[in-house]
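Working through the structure, step by step
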Amino acid sequence: MLQGKKVILGITGSIAAYKSAILARMLMQEGAEVRVVMTPSSVEFITPLTLSTLTDHPVYYQMQENQSWTNHVSLGLWADLMLIAPCTATTLSKMANGMSDNLLLAVFLSARCPVMISPAMDVDMWHHKSVQRNIATLQRDGHILLPVGTGKLASGLTGEGRMAEPADIVAAVDQFFSRSQDLKNRKILITSGPTREAIDPVRCISNRSSGKMGAALAKACLERGAEVTVVSGPVPKDIYPAGASVRWVEDAREMLGECKKYASSSNWVIFAAAVADYRPIESVKSKIKKTENELQLTLVKNPDISTEIASQKQSGQVMIGFALETENEMHHAKQKLHTKKLDCIVLNSLRNDGAGFETETNQVSLISADGEVVEIALKSKEEVARDIVSYFISKFIQ
Ligand code: PMT
């Protein structure tokens, strides 16, 4: 049920715009208050009159009307959710680049609520690298992307790119609102990315963690209403969703220091970082010259962040680790779960294609301290993160 929920329905210029009328009607039947914002080109596909009649409210599509300015800021602040359906490749591109040459985009840039996007375009446009790049940018910015449908397209071609069916969109909106409060008033600390252990001012020991899994977890926790702090090693600055507070660190000792500041006030701590287990015994102050045929580095053990933080665990706190394994995976993961005194460990194996470092996808097993094991099949890191967070909620909160 969407009783009392305020939804801005954004409509862009696509053949699929006819479905927006059905969508508006269905949202209202569920109890939502709906205001419609349209791009200038969308009015060629469906009339504002249809939508204003269905929503019983004026439809906004011009920056000014009757010599008065349309207040996109107040619209953006009014909503609990902005849903853009259908969203064309043009609007996706403008959204990804912060453009504001029509009212819908101005509302999008002013909105403080979550934004859900249901793209619609032809199959080759959908698969085009530039469109996928824009989609990735918008997802990284924390917006919720609904999957496109597959089938016959307006061009006569068959493939991916259809706007999702109105009933599926309403189900996603329902699910969004029903789950969004689960983690309200809860603080979650997430370690993410690699650490870099300096050998000299230009060289370091590190690993291939991209921060994608940590970013997906941050996003999934934010979607459920949590206050999220990420302590991250060096990865691209824009990887984390806008709502997360990010503390940047270089090496394991810095990561531990930063975690100590937030751990005691966090309800959950998720250790998704790939921390270098060893560091050079000393970081040489000037660049090591290439004079010898061999160079010996002596490494010393880094502090184990998860072990140290979990050893200070207070009652009610939940500590969750990750294990990246290459062989005898379940055995090693269980060993880490117990020696680090964690409540749960998320096992990903480099033997599974599409799992682990750098990939867009992951496949994991969740192993809890009480012996329960839950498998999550290969899917995007964002979907895996949502499943992981749902599991933690059912396991540790409800
Ligand atoms: O960033 P991506 O490219 O998306 O990749 C994601 C990931 C593969 C890095 C992630 O899913 C993952 O598995 N992270 C943990 C990798 C790892 O270092 O596993 P481990 O088995 O070495 O460590 C076990 C646990 O102890 C982890 O929770 C780790 O964060 C923690 N640890 C390890 C060493 C250390 N000194 N301090 C720690 O806190």
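In this text the structure is predicted, and so the values were computed from the model without any measurement. (Residues numbered from 1 in each chain as written. Predicted model: local features only at pLDDT ≥ 70, side-chain atom pairs only at ≥ 80, totals over all residues. Heavy atoms only, no water.)

**Let's talk about the environment of K285**
Heads up, the rule is: Numbered from the N terminus, helices here are DSSP runs of H or I no shorter than four residues, and strands are runs of E no shorter than two.
Summarising the element assignment, K285 is placed in the loop between β16 (278-280) and β17 (299-301). Along the chain, K285 and V43 lie 242 residues apart, while their C-alpha atoms are 65 Å from each other.

**Quick word on the side chain of R35**
Just so we agree on the cut-off: Any N or O atom pair separated by 3.5 Å or less is treated as a polar contact, with the protein-specific requirement of one donor-capable and one acceptor-capable atom, and with residues adjacent in sequence counted only for side-chain atom pairs. The contact rule is simple, with two residues in contact once any of their heavy atoms fall within 4.5 Å.
Here R35 shows up in strand β2 (residues 33-38). Polar contacts involving the side chain of R35 include one to the side chain of H57, which spans 3.2 Å. Apart from residues lying up to four places away in sequence, R35 is in contact with V7, I8, L9, H57, Y60, L75 and W78.

**Side note on the pairing of strand β19 (residues 344-349)**
Basically, it comes down to this: Partly exposed describes any residue whose relative accessible area lies between the buried limit of under 20% and the exposed limit of over 50%, with all areas from a 1.4 Å probe on protein chains only and scaled to the type maximum. Whether two strands pair depends on DSSP finding at least two bridges between them. Look down the strands so they point away from you; if the path from the first strand over the helix to the second goes clockwise, the crossover is right-handed.
The buried fraction of β19 amounts to six of the six residues, a majority that puts the element mostly inside the structure. The two faces of β19 match: C344, V346 and N348 on one face and I345, L347 and S349 on the other face are all buried. Where strand β18 (residues 318-325) meets β19, six bridges bridge the pair, whose relative direction is parallel. The residue of β19 that forms the bridge with F322 is V346. In this view, the connection linking β18 to its parallel neighbour β19 by way of helix α12 (residues 329-339) has right-handed handedness. In this sheet, strand β20 (residues 361-368) lies alongside β19 in antiparallel orientation, the contact comprising five bridges. Each residue of the ladder has a partner; that of C344, found in β20, is S368.

**Some words on a nonpolar patch on the surface**
This is how the line gets drawn: Here, patches come from residues exposed beyond 30% relative accessible area and free of salt bridges, joined within 9 Å for like charges and within 5 Å for nonpolar side chains (Val, Leu, Ile, Met, Phe, Trp, Tyr). In this description, accessible areas are obtained by the Shrake-Rupley approach with a 1.4 Å probe, and a residue is regarded as covered only by the protein chains that are shown. A carboxyl oxygen of Asp or Glu within 4 Å of a side-chain nitrogen of Lys or Arg is what we treat as a salt bridge.
Side chains of I15, Y18, I22 and F45 sit close together on the surface and give an oily, nonpolar patch of about 410 Å² of accessible area. Tracing the chain through its elements places F45 in the loop between β2 and α2 (48-55). Taking the relative accessible area as the measure of exposure, F45 reaches 39% and is therefore partly exposed.

**Regarding the sheet that holds strand β7 (residues 144-145)**
Strand-to-strand pairing in sheets goes through backbone hydrogen bonds, with the strands running parallel or antiparallel. We apply this condition: Each axis is a line fitted through C-alpha atoms, taken for helices only over the stretch in contact, and angles between the N-to-C directions span 0 to 180 degrees.
Taking strand neighbours across the sheet as the criterion, the five strands line up as β2-β1-β5-β6-β7 in an open arrangement whose pairing is parallel. The open sheet is flanked by β2 and β7, the only strands paired with a single partner. In terms of strand pairing, strand β6 (residues 115-119) meets β7 through two bridges, oriented parallel. In the sheet register, M116 faces β7, and the bridge partner there is I144. Against the sheet, helix α4 (residues 89-96) engages β5 (81-87) and β6, with an angle of about 140 degrees to β5. The sheet strands contacting helix α8 (residues 166-179) are β1 (6-11), β5, β6 and β7, and the helix crosses β5 at an angle near 160 degrees.

**Some words on the site of the ligand**
The condition is simple: We define proximity as follows: a residue is near a molecule or strand when any one of its heavy atoms falls within 4 Å of that partner. Polar here means any residue outside two lists: the nonpolar Ala, Val, Leu, Ile, Met, Phe, Trp, Tyr, Cys and Pro, and the charged Asp, Glu, Lys and Arg; Gly therefore counts as polar.
As a matter of local geometry, the ligand sits amid 26 residues, with S209, S210, F271, A273 and K336 nearest to it. With respect to the ligand, the backbone of G211 contributes an N or O atom lying 2.7 Å from an oxygen atom. Coverage of the ligand by the protein chains reaches 96% of its 770 Å² of free accessible surface. Going through the elements one at a time, α9 (212-223), α11 (305-311) and β18 are the ones with two or more residues in the shell around the ligand. Top contributing element to the shell around the ligand by residue count: β18, with four residues. Split into classes, the residues belonging to the shell around the ligand amount to 12 nonpolar, seven polar and seven charged.

**Let's talk about the packing of aromatic side chains**
Here is the rule: Any pair of Phe, Tyr and Trp rings, taking the six-membered ring for Trp, is counted once the centres come within 6.5 Å. Such a pair is stacked with planes under 30 degrees apart, edge-to-face with planes over 60 apart, and tilted for the rest. Charge-over-ring contacts are defined here by two conditions on Lys NZ or Arg CZ: a distance within 6 Å of the ring centre and an angle within 35 degrees of the ring normal.
Overall, the coordinates contain five aromatic pairs when judged by the stated rule. Ring geometry for Y240 against W248: centres 5.8 Å apart, planes inclined by 55 degrees, an arrangement best described as tilted. The partly exposed category is assigned to W248, whose relative accessible area is 32%. Centre to centre, the rings of W268 and F392 are 5.8 Å apart; their planes meet at 85 degrees, and the pair counts as edge-to-face. Of the two residues, W268 sits in strand β15 (residues 268-271) while F392 sits in helix α13 (residues 381-396), which places them 124 residues apart along the sequence. Here W268 matches F392 in class, with each residue buried. The rings of W268, Y391, F392 and F396 are connected pair by pair, giving a single aromatic cluster. Lying over the aromatic face of W248, K237 brings its terminal NZ or CZ to 4.1 Å of the ring centre.

Everything listed here is a matter of geometry and, on its own, says nothing about what the molecule does.
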